[in-house]
Amino acid sequence: MANQESKEKMSREEAGRMGGKATSKKHDKEFYREIGKKGGEATAQTHGKEFYEEIGQKGGVARAEHRSNKS
């Protein structure tokens, strides 16, 4: 918000943060569940089974590495 005081343009990061805060004040958890569900369905239609297998594999590897680093 310092940018507003100095009459400079707002950064994308700042605009995104402000927009996110305004949206969270207007909507409840159900709104976010619904848009998350729609996004997941769209991703599934676009990418298919192989996409989920690949990201699941990557997540499993990352999780295993994280656990082994804690020891």
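For the structure itself, consult the block above.
My aim in this report is to walk through the structure given alongside it, one point at a time. (Residues numbered from 1 in each chain as written. Predicted model: local features only at pLDDT ≥ 70, side-chain atom pairs only at ≥ 80, totals over all residues. Heavy atoms only, no water.)

## Points about the packing of aromatic side chains
So, point 1. Under the definition given, this model contains 2 aromatic pairs.
So, point 2. Taking the centre distance of 5.1 Å and the plane angle of 80° together, the rings of Phe31 and Tyr32 count as edge-to-face.
So, point 3. Owing to a relative accessible area of 37%, Tyr32 belongs among the partly exposed residues under this scheme.
So, point 4. Where Phe51 meets Tyr52, the ring centres are 5.3 Å apart and the plane angle is 80°; that geometry is what we call edge-to-face.
So, point 5. On the accessibility criterion, Phe51 (27% relative accessible area) is partly exposed. (Phe/Tyr/Trp six-rings, centres within 6.5 Å; stacked < 30°, edge-to-face > 60°. Buried < 20%, exposed > 50% of the residue type's maximum accessible area, 1.4 Å probe, protein only.)

## With respect to the pattern of salt bridges
So, point 1. Applying the stated rule across the entire model yields 4 salt bridges.
So, point 2. Residue Glu30 pairs with Arg33 through a salt bridge whose shortest N-O separation is 3.4 Å. Of this pair, Glu30 and Arg33 both sit in helix α3 (residues 29-47), 3 residues apart, roughly one helical turn.
So, point 3. Under the relative-accessibility criterion, Arg33 is labelled exposed at 54%.
So, point 4. For the salt bridge of Lys58 with Glu54, the shortest nitrogen-to-oxygen distance reads 3.2 Å. One end of the pair is Lys58 and the other is Glu54, both in helix α4 (residues 49-70) and 4 residues apart, which spans about a single turn. (Salt bridge = Lys/Arg side-chain N within 4 Å of Asp/Glu carboxyl O. Helix = DSSP H or I, 4+ residues; strand = E, 2+ residues; numbered from the N terminus.)

Purely spatial values, then, with no claim about function.
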